[in-house]
Amino acid sequence: MSTKIRIKSLNGWFGEKQVLKDINLDIEENSITAIIGPSGCGKTTLIRCINRMHEVTPGARVEGSVLLDEQDIYKEDPVKVRERIGMVFQRPNPFPTMSVLENAVAGLKLKGIRNRKLLAEKAEEVIKAVGLWDEVKNELNKPGTSLSGGQQQRLCIARALAVEPEVLLMDEPASALDPVSTMRLEDLIYELKKEYTIVIVTHNMQQAARVSDYTAFLYMGELIEYSNTKELFERPKNDLTERYISGRFG
Amino acid sequence: MGTREKFDKDINEVYRMLGEMRDLAIDSINSSMEALDKLDEDAAKVALRNDVKSYDLMRNIENRCTALLMLQAPVAKDLRKIVTAMKSSGDLNRIIRYAKNISTLAIEMVKEKDEHFKKLIGLKGMKDKSIDMIEKAMKALLEENKNLAMEVYKEEEDVDALYEQIFRELITYMVEDNRKITRGVRYLLAGRYLERVADHACNIAEGAIYITTGERIAPD
């Protein structure tokens, strides 16, 4: 196993308010890393720093470095960075004016690919990769928003995969889904780690325990504890972690 | 009552029941050894009654722990305490079963109108040591005291040594006089049961260490 992402002395601000404080974190390639912590602890900001989306917010700024394969992403073109590091959001957000098929390859179209055959092939490939093909193969031309919540979220993952990223960031991807859709999504995440490095922000501790290999606990912008998931949930080293995961605060 | 308070209340109740099982275990060993020593059928029946109570307590602990696991999805020390409570209740129940086995040996001797051919000094030594181990292991468990738990491991060696000594001694008696074989085997069995009791006390001590540190320390 090698390090895919190396976060070094990362600090983040919204205006005057510092939301990330000196984060140092190495993320293993082809692993699932969960980021947990109470609301407002900086989880989402942290993953938005990993694909340079934090700086897009007015007044937000970042210091420190994020290395992808040892190259600092803050010294590269942010558009190229986001091609290599895809993101899936809390609420499924297929483009409402696009069909299922168009949604799946929206990223490729944005890159200027117009070859219909190529687009159709890629759409089929990624829709199959997220286990959605059998459910939607007869509805490819219907609006993406006509699918169920769980299907929409898998479509959004397919859309992220179509541009062939190396890393997938997921910001509470199952929080708007019912238990069955959540289970399917978790199975999918587990499958995807064979080819991708995954970082998932979750409020659901059982989900972190179920799907991730490593877990990072953030509290008030600081990284309190980071270790393999079994260790963190069975015998956390830090008292704050113990209290948070046992539901004594948060 | 908040979720957390409810959880604490339930887990405290589980550990209170474990304390009750410990009392039953010690009572059973004392009375079954008294039954064997004095060939007293009434004393023998105590362990038989305790076995029924202990089984109910063990099932009750198991049900409560299952409910806590299912409803609260505990982690960290909460999880370690639940897992350990389930295992330790099994250990205490086994200890009471071994006491019951000793009682059965006593009842058989009473029925057969047997008399002892020697004083049961070694077995009494094993009994005292095993009871001490149970008390210490349970105290370590309830008070989350690692050092006390480690002491239990050391005492197990004493119990093993006593058992070996009894074994060698009884063999000489049985070789000399084959009329002593049936009784000799019964003493040996009683020794074997007490040696197993000490082993289960060690398991409880191991649980105490696991709760306290999160580490599994296997005895040497």
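Provided above is the structure to which this section pertains.
The model shown is predicted, which means the values in this text are computed figures rather than measured ones. (Residues numbered from 1 in each chain as written. Chains lettered and ligands numbered in written order. Predicted model: local features only at pLDDT ≥ 70, side-chain atom pairs only at ≥ 80, totals over all residues. Heavy atoms only, no water.)

Q: Go over the pairing of strand β9 (residues 214-219) of chain A with me, naming the residues and quoting the values.
A: Residues and elements named next belong to chain A. Where strand β3 (residues 32-36) meets β9, 4 bridges bridge the pair, whose relative direction is parallel. Counted as the bridge partner of Ile36 is Phe217 from β9. Summarising the sheet, β9 and strand β10 (residues 222-228) pair through 6 bridges and their orientation is antiparallel. Across the sheet, Tyr214 pairs through a bridge with Asn228, a residue of β10. Taken together, β9 and the strand that follows it, β10, pair antiparallel across an intervening segment of 2 residues, in which Met220 is found at a positive phi of about 45°. (Pairing = 2+ DSSP bridges. Helix = DSSP H or I, 4+ residues; strand = E, 2+ residues; numbered from the N terminus.)

Q: Explain the packing of helix α2 (residues 41-72) of chain B against helix α3 (residues 76-111) of chain B to me, and be specific about the residues and the numbers.
A: All names here are of chain B. Running from N to C, α2 and α3 cross one another at 165°; their axes reach a closest spacing of 8 Å. Relative to α3, α2 is oriented roughly antiparallel. Classified by chirality, the crossing of α3 by α2 is left-handed. (Axes fitted to C-alpha atoms, helices over the stretch in contact; angles between N-to-C directions. Parallel < 35°, antiparallel > 145°, perpendicular 65-115°, else oblique. Left-handed = near helix turned anticlockwise from the far one by under 90°.)

Q: Talk me through the sheet that holds strand β6 (residues 85-88) of chain A; I want residue IDs and the actual numbers.
A: All names here are of chain A. The 6 strands are arranged β6-β7-β8-β3-β9-β10 in an open sheet whose pairing can be described as mixed. Looking at the sheet topology across the chains shown, the edges are occupied by β6 and β10. When the angles between neighbouring strand axes are averaged without regard to direction, this sheet yields 20°. Note: β6 against strand β7 (residues 167-171), 4 bridges, orientation parallel. Paired with Met87 across the two strands is Leu169, which belongs to β7. Strands in contact with helix α1 (residues 43-50) are β3, β6, β7, β8 (197-201) and β9; relative to β7, the strand with the most contacts, it is inclined by about 155°. (Contact = heavy atoms within 4.5 Å.)

Q: Provide a residue-level description of unusual backbone geometry, including the pertinent values.
A: Even without a glycine there, the phi angle at Glu164 of chain A is positive, about 55°. Of note, Glu164 of chain A is situated in the loop between α7 (149-162) and β7. Here the phi dihedral of Ala76 of chain B falls at roughly 50°; this positive angle occurs in a residue that is not glycine.

Q: Any chance you could break down the pattern of salt bridges for me, citing the residues and the numbers?
A: As enumerated under the stated definition, the model contains 54 salt bridges over all chains in all. In this structure, Lys122 of chain A and Glu125 of chain A form a salt bridge, with 3.3 Å as the shortest nitrogen-oxygen distance. A residue pair is termed a helical-turn pair when its members lie 3 or 4 positions apart in one helix, as Lys122 of chain A and Glu125 of chain A do in helix α5 (residues 116-129) at 3 residues. Under the relative-accessibility criterion, Glu125 of chain A is labelled partly exposed at 47%. Measuring nitrogen to oxygen at the nearest pair gives 2.7 Å for the salt bridge that ties Glu186 of chain A to Arg210 of chain A. Pair noted here: Glu186 of chain A is in helix α8 (residues 179-192) and Arg210 of chain A is in helix α9 (residues 205-211), with a separation of 24 residues, a long-range link. For Arg210 of chain A, a relative accessible area of 44% corresponds to the partly exposed category. The structure contains a network of salt bridges with shared partners spanning Lys230, Glu231, Glu234, Arg235 and Lys237 of chain A together with Glu215 of chain B. (Salt bridge = Lys/Arg side-chain N within 4 Å of Asp/Glu carboxyl O. Buried < 20%, exposed > 50% of the residue type's maximum accessible area, 1.4 Å probe, protein only.)

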